Amino acid sequence: MKRMIPILAGISIAMTSFTGSALAAEHGEVGKEISKQEQQKMVNVAHRGASGHAPENTMAAFQKGFEMKADYVEIDVQMTKDGELVVIHDTTVDRTTNGTGYVGDLTLEEIRQLDAGSWFSESYAGEKVPTFEEVLDAFRGKVGILIELKAPELYPGIEKKIAEALKERNMHQSNNEKIIIQSFNHESMEKSKELLPNLPHGVLAGTSWKNVTEEQLSEFAMYADYFNPNMNIVTDELVSDVHEAGMEIYPYTSRSQEQAFHLFDLNVDGIITDYTEHVYYHPVKNN
Ligand code: G3P
Ligand code: CA
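Nothing here was measured: the structure is a model prediction, and the numbers come from that model. (Residues numbered from 1 in each chain as written. Chains lettered and ligands numbered in written order. Predicted model: local features only at pLDDT ≥ 70, side-chain atom pairs only at ≥ 80, totals over all residues. Heavy atoms only, no water.)

A. Inspection of the site of ligand 1 at higher detail. In the neighbourhood of ligand 1, the contacting residues comprise His47, Arg48, Glu74, Asp76, His89, Glu148, Lys150, Gln182, Phe184, Leu204, Tyr252 and Ile272. Note that an oxygen atom of ligand 1 is positioned 2.8 Å from one of the side-chain N or O atoms of Glu74. If ligand 1 stood free it would expose 290 Å²; the protein chains cover 91% of that surface. Here the residues of the shell around ligand 1 sort into 4 nonpolar, 3 polar and 5 charged. (Near = heavy atom within 4 Å. Polar contact = N/O pair within 3.5 Å; in protein donor to acceptor, adjacent residues only side chain to side chain. Areas by Shrake-Rupley, 256 points an atom, 1.4 Å probe, with all protein chains shown as cover. Nonpolar A, V, L, I, M, F, W, Y, C, P; charged D, E, K, R; others polar.)

Okay, here's the thing in structure tokens:
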């Protein structure tokens, strides 16, 4: 069902602060209709940074996500041969750099020599694969950081290293700096929750979790605050079951305005997207 709310032209923004018309005015749309979706509070997560606009998992993409006012930037963390934490999605460097080989077979020095920007556009030539600590230091307190442990089963001890980096910066005591830790590897999240009990954790769920049961969700909720599924398995029922279990739901990965609006309609709590501009931020949630 399409739910549209008419907005009258000329309504004062001052009188209607934080209402649909104020939002419409912000977007230059006074006099048009805006949908209920646009009035909702929706957590906006820039997937691998603003990866629709800049090379994924680079400082340029995270900066872009911050500038576009994302609530969080999502990052993928892995470990080098010499035990350093780096931010890259694939388990090899082949797709997103000018190098080849597994992340875990390369030293930090070798990885830092690679160009992680040119594959996306020549204007990003020279972008490096960031270290985890570099991202924390540059963006803590500016934008939330949704930290994905990518393939942690390949990197024994990675949970402890992540916890140490956060503890060194006193970012483990509370969630003032908006840190969430998530993984498809749920055992890894149980382990991480023990190391970082004050930080929220999330379980990622691919399409094989289409028929996740209420019991399974309750088990996840013992250590997780978020159930973040592939957007293709999200239904009204799943959203209400996740809420019933006491968790929030941030599906991944929205890549069109239609997909984002569909997720708004399903009343999810956040949207992980390559295009931050598809997820309007608004401080009022109407339902
Ligand atoms: O944040 C969830 C999403 O990033 C999981 O998928 O493959 O993009 O890491 P992927
Ligand atoms: Ca990811």
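Here the narrative resumes, following the displayed structure.
B. Inspection of helix α6 (residues 186-195) at higher detail. Residues of α6 that are buried: His186, Ser188, Met189, Ser192 and Lys193. Along the axis of α6, the buried residues cluster in a sector spanning 145°; they form a single face. For α6, the exposed residues set more than 90 degrees away from the buried face come down to Glu187 and Glu194. Against the buried residues of α6 lie β6 (144-149), α5 (158-168), β7 (179-183), β8 (201-205) and α7 (214-220). Two to three positions downstream of the cap, the backbone nitrogen of Glu187 sits 3.2 Å from a side-chain oxygen, assigning the N-cap of α6 to Asn185. (Buried < 20%, exposed > 50% of the residue type's maximum accessible area, 1.4 Å probe, protein only. Helix = DSSP H or I, 4+ residues; strand = E, 2+ residues; numbered from the N terminus. Arc of directions from axis to C-beta. Contact = heavy atoms within 4.5 Å.)

C. Up close: the coordination of the calcium ion (ligand 2). Distances from the calcium ion (ligand 2) to its protein donors, Glu74 (OE), Glu74 (OE), Asp76 (OD) and Glu148 (OE), fall within 2.1 to 3.2 Å. Here the calcium ion (ligand 2) is ringed by 6 donor atoms whose angles at the metal span 44 to 174°, and the overall shape comes out irregular. All donors of the calcium ion (ligand 2) come from a single chain, and their spacing in sequence reads E-x1-D-x71-E. Note on Glu74: relative accessible area 2%, which makes it buried. (Donors = N, O, S within 2.8 Å, 3.2 Å for Na, K, Ca; no water. Tetrahedral: all angles 85-135°; square planar, octahedral: opposite > 155°, others 65-115°.)

D. A look at the side chain of Gln182. Tracing the backbone through its elements, the reader meets Gln182 in strand β7. Judged by its relative accessible area of 1%, Gln182 falls in the buried class. Of the polar contacts made by the side chain of Gln182, one reaches the side chain of Asn228; its length is 3.0 Å. With residues near it in sequence (within four places) discarded, Gln182 still touches Glu74, Leu146, Ile147, Glu148, Leu149, Met189, Gly202, Leu204 and Asn228.

E. Up close: the pairing of strand β9 (residues 226-229). Neither face of β9 is open: one carries Tyr226 and Asn228, the other Phe227 and Pro229, and all of them are buried. Note that β8 and β9 share 4 bridges and pair parallel. Bridge pairing links Ala205 to Pro229 in β9. At this point the chain moves from β8, through α7, to the parallel β9, and the crossover so formed is right-handed. (Pairing = 2+ DSSP bridges. Right-handed = clockwise from strand over helix to strand, strands pointing away.)

F. Summary view of the nonpolar core. Counting residues in each nonpolar core, the largest one holds 62 residues, and the members touching the most others are Ile75, Phe132, Ile147, Ile162, Ile181, Phe227 and Val268. Of all the elements, α5 adds the most residues to this core, at 5 residues. (Core = buried A, V, L, I, M, F, W, Y, C linked by side-chain atoms within 4.5 Å.)

These results come straight from atomic positions and should not be treated as a statement about function.
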